[in-house]
Amino acid sequence: MPLDNWLEQLRRGSLDLAILLSVSTGPRYGLAIIQHLEAFTDLVVTEGTIYPILGRLTREGLLEAKWVEGEAPHARKYYRLTHLGTKRLADMKAEWRAFSEKIGRLIHDSE
Amino acid sequence: MTLSDTGESRVNGYLFVLERSLGTFLPKDVRADAVREIESHLRDRIAAATPTPDERRALEKILDELGPPLRVAQAYSAERTIDEAVTTGRMVPMLRAIWHIALTTIGGFFTALGLFIGYTVGAAFLIVAALKPIFPNNVGFWFVNGIPTSIGVQFPVPPGTEMRGGYWVIPVALVCGLGILVGTHRGARRLLARWRTRREVAL
């Protein structure tokens, strides 16, 4: 598998976790989530494709969405973690840490 | 940056294409919400952009970063339709999802074609079972010169063709039809679940 494909799969696989982490400190609207991700990662390639993922996470009950009027000339849709989302995020973080630690050990062993 | 009328037209054109593209897959209220959210994103980006004499270039950069409307619509469709189909297994979301994968990749097209044939053959058997009591002489196994050629319904019966099969055709067609439909539907759901995992759509 070419490196680009592997990186693409890695990026897609970690996007859900990255989005949940972005809203873990408080509600954010779509563009603020994108800007947060862009500040820390290079996970966002096409901005518009983040919104369908936000929609899915909302349908799955991990996020709660609410339109907020009045803070800008146009309404903004804010996302916040639900109780289920908070629990899922904790599980995902634990899994991610355990996984990266294992791979790290493998890399260390091979060097 | 404040947009000129030309810039506003460009934004409205983008949103129009997006809405039309989403219309194939999403219910009206979901579509309207999605377009509203993308417009909100655009308005934020435009408001934050530094004013420039070359408005067109600045606006195209914002739209490029957001992604072509068809690509954004495709991502919405992939997330929404396939999720709904796999979760509920209901016929309409399933057909929407199959239609989506047929339009997404060549592999998806042939997968969808196979599923379409499965559903069609299953439905055909059920139609045979339903029509047999109404048209007993036109529904059954068809032979030409003693050689079986087809199963189904013939109106009118072609010369030289002989129909065989009594009312036992009904339970046989029912079992075959339901078996094929259930098998195809389960297979479709499993394939869509795999498709969802792979997230074929380019994000």
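Further up the page is the structure itself.
I will try to describe carefully the structure that is included in this document. From a predicted model like this one, the values you see are computed outputs, not experimental measurements.

## Thoughts on the overall build of chain B
Step number 1: Assigned secondary structure in chain B consists of 7 helices and 3 strands.
Step number 2: Starting at the N terminus, the α and β elements of chain B follow one another as α-α-α-α-α-α-β-β-β-α.
Step number 3: Considering only contacts in chain B between residues 6 or more positions apart, those separated by 24 or more positions represent 59%.

## Digging into the interface of chain A and chain B
Reports often express the size of an interface as the amount of accessible area lost when the parts come together.
Step number 1: Contacts between the two partners involve 20 residues from chain A and, on the opposite side, 20 residues from chain B.
Step number 2: Looking at the side of chain A that touches chain B, the elements with two or more residues in it are helix H2 (30-40), helix H3 (50-59) and strand S3 (76-81) of chain A.
Step number 3: At 6 residues, the largest contribution of residues to the side of chain A that touches chain B is made by H3 of chain A.
Step number 4: Class assignment of the residues belonging to the side of chain A that touches chain B gives a composition of 8 nonpolar, 6 polar and 6 charged.

## Some details on H3 of chain A
Step number 1: Burial runs high along H3 of chain A: 8 of the 10 residues are buried.
Step number 2: When H3 of chain A is considered as a whole, its buried residues turn out to be Ile 50, Tyr 51, Pro 52, Ile 53, Leu 54, Gly 55, Arg 56 and Leu 57 of chain A.
Step number 3: On its buried side, H3 of chain A packs onto helix H1 (3-22), H2, strand S2 (63-68) and S3 of chain A together with helix H2 (28-48) and helix H4 (69-88) of chain B.
Step number 4: Once H3 of chain A finishes, Gly 61 of chain A follows within two positions and takes phi at roughly 85°, a positive value.

## Details of the sheet that holds strand S1 (residues 139-144) of chain B
Residues and elements named next belong to chain B.
Step number 1: A sheet is described by the order of its strands in space; here 3 strands give the open sequence S2-S1-S3, paired in antiparallel fashion. One side of each edge strand has no neighbouring strand; the edge strands of this open sheet are strand S2 (147-153) and strand S3 (161-164). Within the sheet, the average angular offset between the axes of one strand and its neighbour, ignoring direction, is 35°.
Step number 2: Strand direction decides the pairing type here: S1 and S2, joined by 6 bridges, are antiparallel. Across the sheet, the residue bridging to Phe 143 is Pro 148, located in S2.

What counts, and where the lines are drawn
- Residues numbered from 1 in each chain as written.
- Chains lettered and ligands numbered in written order.
- Predicted model: local features only at pLDDT ≥ 70, side-chain atom pairs only at ≥ 80, totals over all residues.
- Helix = DSSP H or I, 4+ residues; strand = E, 2+ residues; numbered from the N terminus.
- Contact = placed C-beta atoms within 7 Å.
- Nonpolar A, V, L, I, M, F, W, Y, C, P; charged D, E, K, R; others polar.
- Buried ≥ 20, exposed ≤ 12 C-beta atoms within 10 Å, placed from the backbone.
- Pairing = 2+ DSSP bridges.
- Axes fitted to C-alpha atoms, helices over the stretch in contact; angles between N-to-C directions.

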